[in-house]
Amino acid sequence: MREVTVSRVVDATPAELSEWLDPPTIVRAEGSFDVEAVEDRDDAVVVLASGPGMALPLRFEDRDGAIYYTQEGEQGPFSHMETWIELEDAADGTRVAVRSSVSLSAPLPFGDRIAAWKRKGECSRLLEALADAFD
């Protein structure tokens, strides 16, 4: 398993950012998957994300003021994937930190490194889209 972290200060309040950071928007902004369906549950929101030749459910929860999401169930490319999005006041806006850990379910040489590299790109695209939305 590999972990990646990216962060950026965005010129917006935590409340403004939280409103923008809804589950379907997060999935779209990461850039690898389309949103096929959204299911609101009592304790979570599940987004069915689809890409070339695959679909995976992503379960989003609020955990201690952070956005937490993970691949739900066994369906998908990961044996483990979880992501935390945390917002913290900064002098010039709000620091948004995205931390994600991944492990591929396929036994490929360097598979977890490749998954982490791809995941870092997705998290960086999310922050770029977020910053662009508040420029």
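Preceding block: the structure.
Rules used in this analysis
Residues numbered from 1 in each chain as written. Predicted model: local features only at pLDDT ≥ 70, side-chain atom pairs only at ≥ 80, totals over all residues. Heavy atoms only, no water. Buried < 20%, exposed > 50% of the residue type's maximum accessible area, 1.4 Å probe, protein only. Helix = DSSP H or I, 4+ residues; strand = E, 2+ residues; numbered from the N terminus. Pairing = 2+ DSSP bridges. Axes fitted to C-alpha atoms, helices over the stretch in contact; angles between N-to-C directions. Core = buried A, V, L, I, M, F, W, Y, C linked by side-chain atoms within 4.5 Å. Contact = heavy atoms within 4.5 Å. Patch = residues over 30% accessible without salt bridge, like charges linked within 9 Å, V, L, I, M, F, W, Y side chains within 5 Å. Areas by Shrake-Rupley, 256 points an atom, 1.4 Å probe, with all protein chains shown as cover. Salt bridge = Lys/Arg side-chain N within 4 Å of Asp/Glu carboxyl O. Phe/Tyr/Trp six-rings, centres within 6.5 Å; stacked < 30°, edge-to-face > 60°. Lys NZ or Arg CZ within 6 Å of the ring centre and 35° of its normal. Lys, Arg positive; Asp, Glu negative; His and termini not counted. Charge placed at Lys NZ, Arg CZ, Asp CG, Glu CD.

Draft legend 1. Spatial organisation of helix 2 (residues 23-30). For helix 2, a buried count of 6 out of 8 residues is recorded, marking the element as mostly surrounded by other parts of the structure. Along helix 2, the residues classified as buried are Pro23, Pro24, Ile26, Val27, Ala29 and Glu30. Downstream of helix 2 by a residue or two, Gly31 has a phi angle that is positive, lying close to 90°.

Draft legend 2. The sheet that holds strand 7 (residues 93-104), seen in detail. With respect to topology, 7 strands assemble into an open sheet ordered 1-7-6-5-4-3-2, the strand pairing being antiparallel. Taken across any chain shown, the strands that pair with only one partner, and hence form the sheet edges, are strand 1 (2-10) and strand 2 (34-40). In this sheet, adjacent strand axes meet at a mean angle of 20° when their direction is disregarded. Pairing of strand 6 (residues 78-90) with strand 7, which is carried by 12 bridges, proceeds in the antiparallel orientation. Bridged to Glu86 within strand 7 is Ala97.

Draft legend 3. Region of interest: the nonpolar core. In this structure, Ile26, Val27, Phe60 and Ile85 are the most contacted members of the largest nonpolar core, which totals 31 residues. For this core, the secondary-structure elements that each account for two or more residues are strand 1, helix 2, strand 3 (45-51), strand 4 (54-63), strand 5 (66-71), strand 6, strand 7 and helix 3 (111-133). Tallying contributions element by element places helix 3 first for this core, with 6 residues. When near neighbours in sequence (up to four residues on either side) are disregarded, Ile85 contacts Leu21, Ile26, Ala66, Ile67, Tyr69, Val96, Ala97, Val98 and Leu126.

Draft legend 4. View of a nonpolar patch on the surface. Together, Phe110, Ile114 and Trp117 give the surface a local cluster of nonpolar side chains, amounting to about 420 Å² of exposed area. Examined against the element boundaries, Ile114 turns out to sit in helix 3. What makes Ile114 partly exposed here is its relative accessible area of 48%.

Draft legend 5. Main features of the pattern of salt bridges. This model, assessed by the stated rule, comprises 11 salt bridges. Measuring nitrogen to oxygen at the nearest pair gives 3.2 Å for the salt bridge that ties Glu39 to Arg41. Between Glu122 and Lys118 there is a salt bridge whose closest N-O contact spans 3.4 Å. Of this pair, Glu122 and Lys118 both sit in helix 3, 4 residues apart, roughly one helical turn. Exposure remark for Glu122: the relative accessible area of 6% places this residue in the buried category. On the accessibility criterion, Lys118 (42% relative accessible area) is partly exposed. Bridged by salt links that share partners, the residues Glu39, Arg41, Asp43, Arg59, Glu61, Arg63 and Glu72 form one connected network.

Draft legend 6. Representation of the packing of aromatic side chains. Under the definition given, this model contains 2 aromatic pairs. Judged by centre distance (4.4 Å) and plane angle (15°), the rings of Phe60 and Tyr69 are stacked. Accessibility assignment for this pair places Phe60 and Tyr69 in one class, buried. Taking the ring centre of Tyr68 as reference, the NZ or CZ of Arg63 above it sits at 3.9 Å.

Draft legend 7. Broad picture of a negative patch on the surface. Together, Asp11, Glu16, Glu19, Asp92, Asp132 and Asp135 make up a region of like negative charge exposed at the surface. Within the fold, Asp92 resides in the loop between strand 6 and strand 7.

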